[in-house]
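# A look at the structure
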Amino acid sequence: AVVFPDKNAGGVVVSTGEASVLFSGETAALAEHVAANLPARFVTPDLKALYTADPAWKAVPVAVSFDLSLAAYLLNPEERDYSFPHLVRRWTEQVSDSVSPSADPCRFALKLYEVLAARLAAAEQDSLMRDLEMPLIPILKSMEEAGVRIDRTAFTDFLAYVQKDLDRLEKHIHELAGGARSY
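Residues numbered from 1 in each chain as written. Predicted model: local features only at pLDDT ≥ 70, side-chain atom pairs only at ≥ 80, totals over all residues. Heavy atoms only, no water.

All right, on to the packing of helix α4 (residues 84–91) against helix α5 (residues 105–122) then. Their axes nearest at 11 Å, the elements α4 and α5 cross at an angle of 65°. In terms of orientation, α4 and α5 fall into the roughly perpendicular class. Every pair of crossing elements has a handedness; the one defined by α4 and α5 is left-handed. Residue-level inspection shows Phe84, Leu87, Val88 and Trp91 of α4 in contact with α5, the latter providing Pro105, Phe108, Ala109, Leu112, Val115, Leu116 and Arg119. Taken together, the residues of the contact of α4 with α5 break down into 10 nonpolar, no polar and one charged. (Axes fitted to C-alpha atoms, helices over the stretch in contact; angles between N-to-C directions. Helix = DSSP H or I, 4+ residues; strand = E, 2+ residues; numbered from the N terminus. Parallel < 35°, antiparallel > 145°, perpendicular 65-115°, else oblique. Left-handed = near helix turned anticlockwise from the far one by under 90°. Contact = heavy atoms within 4.5 Å. Nonpolar A, V, L, I, M, F, W, Y, C, P; charged D, E, K, R; others polar.)

Here the structure, examined in full by the defined rule, presents four aromatic pairs. For the ring pair Tyr73 and Tyr82, a centre distance of 5.6 Å and an interplane angle of 85° mean the geometry is edge-to-face. Among the residues examined, Tyr73 registers a relative accessible area of 36% and is labelled partly exposed. When the centroid spacing of 6.1 Å and the interplanar angle of 80° are considered together, the rings of Phe84 and Phe108 count as edge-to-face. Of this pair, Phe84 sits in helix α4 while Phe108 sits in helix α5, placing them 24 residues apart in sequence. Considered together, Phe84 and Phe108 belong to a single accessibility category, that of buried residues. Lying over the aromatic face of Trp91, Arg90 brings its terminal NZ or CZ to 4.3 Å of the ring centre. (Phe/Tyr/Trp six-rings, centres within 6.5 Å; stacked < 30°, edge-to-face > 60°. Buried < 20%, exposed > 50% of the residue type's maximum accessible area, 1.4 Å probe, protein only. Lys NZ or Arg CZ within 6 Å of the ring centre and 35° of its normal.)

Glancing now at the layout of surface pockets. The computed volume of the second largest pocket comes to approximately 280 Å³. With four residues, the top contributor of residues to the lining of the second largest pocket is helix α6 (residues 126–146). Residues belonging to the lining of the second largest pocket are distributed by class as follows: six nonpolar, two polar and four charged. (1 Å grid on protein atoms, 1.4 Å probe; cavity = no way out; pocket = protein on both sides within 12 Å on 5 of 7 lines; lining within 4 Å. Points joined across faces, edges and corners; volume = space filled by probe spheres on them.)

The tendency in soluble globular proteins is for nonpolar side chains to be buried as a group. Counting 42 residues, the largest nonpolar core has Phe42, Trp57, Phe66, Leu68, Trp91, Leu112 and Met129 as its most contacted members. Broken down by element, this core gets its largest block of residues, nine residues, from α5. When near neighbours in sequence (up to four residues on either side) are disregarded, Leu112 contacts Leu68, Leu87, Trp91 and Val95. (Core = buried A, V, L, I, M, F, W, Y, C linked by side-chain atoms within 4.5 Å.)

A separate point is the pattern of salt bridges. Inspection of the entire model under this criterion finds six salt bridges. We note a salt bridge from Arg90 to Glu79, for which the minimum N-O separation is 4.0 Å. Highlighted residues: Arg90 in helix α4 and Glu79 in the loop between α3 (68–75) and α4, separated in sequence by 11 residues. Residue Arg90 is classed as partly exposed on the basis of its relative accessible area of 30%. With its nearest N and O atoms 4.0 Å apart, the salt bridge here joins Lys141 to Glu144. Taken together, the positions of Lys141 and Glu144, both in helix α6 and three residues apart, correspond to about one turn of that helix. Note on Lys141: relative accessible area 8%, which makes it buried. By relative accessible area, which is 47% here, Glu144 ends up partly exposed. Linked through salt bridges whose partners overlap, the residues forming this network are Lys48, Lys141 and Glu144. (Salt bridge = Lys/Arg side-chain N within 4 Å of Asp/Glu carboxyl O.)

Structure (structure tokens):
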């Protein structure tokens, strides 16, 4: 099954392979249904974004989930964009299907899943994805939601210390260069 949030259509596009349908109801109810009737594989372009759209998706076990953007990252960590539109541009030629990505993004996502899963296996990175990276997604999402608490006094003291050291280094550099220069 593929779940693909579609902001333009105002819902979630769902596919089990042959046909895609726009679900415009409560996404929490859809997430509960998917979690109760687990598919063999749950594919989404970005699992963390799906959690952001509706936390109810956390009910779908990570063990059956496959994040396309994460797989693309593992295969090519030098890329800077792992958004679905970029994945479409990057992988369209490798995904053999008669349906265009714009006509049926879910069907394209399923085919892309097959290609990326095979490439991960060939690169012996499938266990890295399954056993380490995928289980980290809900943890990282929880960390993002919780945020970070900063001791403002300690942070201000640290910044003052760093600035003092930078000022000292700048003065030393100017001395070595024969005086301050204007640019």
